[in-house]
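What follows is each chain in one-letter form.
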Amino acid sequence: MLTKRLIACFDVKNGFVTKARRFENNIEIDRAGAVAEKIYNEQIDEIIFYDITASAEKRKTDLATVREVAERVFVPFTVGGGIRTAEDMYDVLAAGAEKVSVDSMAVRNPAIITEGAKAFGSQCVVLSMQVRRVEKSEKIPSGYEIAIDGARVFTGMDAVEWAKKGEALGAGEICVNSIDNDGMHSGYDLEITEAVASAVKIPVIASGGAGTPEHVLRAFTETGVSAAIISSMLYSPRLERNYTVREIKKVLADGGVPVRPYLG
């Protein structure tokens, strides 16, 4: 049986990990390299790093911080933000990442997914989707709309249809990030997470809203996701308490979810 993956997500600005609530009001945590090393030592399975201001500032990914993180961790490492071309993907991979994540640029230029898959393999390309709940309509039958640019621009695109298109274009993995639940610590949006997981054959990652290990357990037992992103519950000062990766994995293992070996 395939094990389920826990992925630590870092929203990075000027080299520092920050934490937002519904994509706003970011608070600074610590240098990205220091946070990554701490979580790596707790036996996290993977890390995702988003340079959250690169696209808005129309600049490339902060490669110095990518290198800083890559030098300290030895687990699969995905980087997103500021990636516009296959050359940008190459630069990020050369700086130490194993995968690249595309989001807003993929909506603007879907061909970047195919270009990346052809150049580096589908396993290197993660399609990240910002989704919000809306009223169901002929145009948005799933009831979830795709947003871009840090949830500032709404596209009128249906989330499930975009996921299927992303798979067809060559994405090797899809990350479903709930805008409504982001930073709220109330659990993932299981409805859209399961809708996407059921619609595609590639691995799907749940993202946005986890505040307790039980939230992660529900994602794995109630949807078909392969991985779940955890961030706030690891280091956010907005929570009454934070959890270690080991604590979360124990809850998952006790709940019957296959996880990678960890020291209890």
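Residues numbered from 1 in each chain as written. Predicted model: local features only at pLDDT ≥ 70, side-chain atom pairs only at ≥ 80, totals over all residues. Heavy atoms only, no water.

The next point concerns the packing of aromatic side chains. All chains considered together, the criterion is met by 3 aromatic pairs. When the centroid spacing of 6.1 Å and the interplanar angle of 50 degrees are considered together, the rings of Phe10 and Tyr235 count as tilted. Taken as a pair, Phe10 in strand S1 (residues 5-13) and Tyr235 in helix H9 (residues 232-235) lie far apart in primary sequence, 225 residues in all. Per residue, the accessibility class of Phe10 equals that of Tyr235, and both read buried. Taken together, a centroid distance of 5.9 Å and an interplanar angle of 65 degrees make the contact between Tyr40 and Phe74 edge-to-face. Of this pair, Tyr40 sits in helix H1 (residues 32-41) while Phe74 sits in the loop between helix H2 (63-70) and strand S5 (77-80), and the two are 34 residues apart along the sequence. The lysine or arginine in question, Arg31, covers the ring of Phe16, its NZ or CZ lying 5.2 Å from the ring centre. For the cation-ring pair, Arg132 lies above Phe154, with the distance from its terminal atom to the ring centre recorded as 3.5 Å. (Phe/Tyr/Trp six-rings, centres within 6.5 Å; stacked < 30°, edge-to-face > 60°. Helix = DSSP H or I, 4+ residues; strand = E, 2+ residues; numbered from the N terminus. Buried < 20%, exposed > 50% of the residue type's maximum accessible area, 1.4 Å probe, protein only. Lys NZ or Arg CZ within 6 Å of the ring centre and 35° of its normal.)

Residues of helix H7 (residues 190-199) that are buried include every one of Leu190, Ile192, Thr193, Val196 and Ala197, and no others. Packing partners of the buried residues in H7 comprise strand S7 (125-133), strand S8 (144-148), helix H6 (159-169), strand S10 (173-178), strand S11 (204-207) and helix H8 (213-222). At the N-terminal end of H7, a side-chain oxygen is found 3.2 Å from the backbone nitrogen of Glu191, two or three residues along, and the residue is Asp189. (Contact = heavy atoms within 4.5 Å. Polar contact = N/O pair within 3.5 Å; in protein donor to acceptor, adjacent residues only side chain to side chain.)

Moving on, we come to unusual backbone geometry. Trans peptide bonds make up most of the peptide bonds, and negative phi angles are found at most residues other than glycine. For Asp149, which is not glycine, the phi dihedral falls at a positive 55 degrees. The topology assignment puts Asp149 in the loop between S8 and strand S9 (153-158). The backbone phi angle of His185 is positive, close to 60 degrees, even though this residue is not glycine. Looking at where His185 falls in the secondary structure, it is placed in the loop between S10 and H7. A relative accessible area of 16% places His185 in the buried class.

Here the structure, examined in full by the defined rule, presents 19 salt bridges. Between Arg72 and Glu37 there is a salt bridge, with its nearest N and O atoms 3.2 Å apart. One end of the pair, Arg72, is in the loop between H2 and S5; the other, Glu37, is in helix H1, with 35 residues separating them in the sequence. Residue class for Arg72 comes out partly exposed when judged on its relative accessible area of 33%. Close ionic contact of Lys164 with Glu161 constitutes a salt bridge, the shortest N to O distance being 3.1 Å. One end of the pair, Lys164, and the other, Glu161, are both in helix H6, 3 residues apart, so they sit about a helical turn from each other. Members of the salt-bridge network, linked through shared partners, are Arg5, Glu46, Lys99 and Glu173. (Salt bridge = Lys/Arg side-chain N within 4 Å of Asp/Glu carboxyl O.)

A separate point is the environment of Phe49. Examined against the element boundaries, Phe49 turns out to sit in strand S4 (residues 46-51). For Phe49, a relative accessible area of 0% corresponds to the buried category. The spatial distance from the C-alpha of Phe49 to the C-alpha of Val79 is 4.8 Å, given a sequence separation of 30 residues.

Locating Thr61 in the fold gives a position in the loop between S4 and H2. Overall, Thr61 belongs to the buried group, its relative accessible area being 8%. A polar side-chain atom of Thr61 sits 2.4 Å from the main-chain carbonyl oxygen of Gly81.

Along the chain, Glu214 falls in helix H8. Spatially, the C-alpha atom of Glu214 lies 17 Å from that of Ser236, the residues being 22 residues apart in sequence.

With that settled, consider the nonpolar core. Among the nonpolar cores identified, the biggest contains 71 residues, and Phe10, Met129 and Val216 are the most heavily contacted of them. Residues contacting Met129, with those up to four places away along its chain left out, are Asp103, Ile146, Ala159, Trp162, Ala163, Ile174, Cys175, Val176, Asn177 and Val196. Of all hydrophobic cores here, the second largest spans 9 residues; its members include Cys9, Ile48, Ile205 and Ala227. (Core = buried A, V, L, I, M, F, W, Y, C linked by side-chain atoms within 4.5 Å.)

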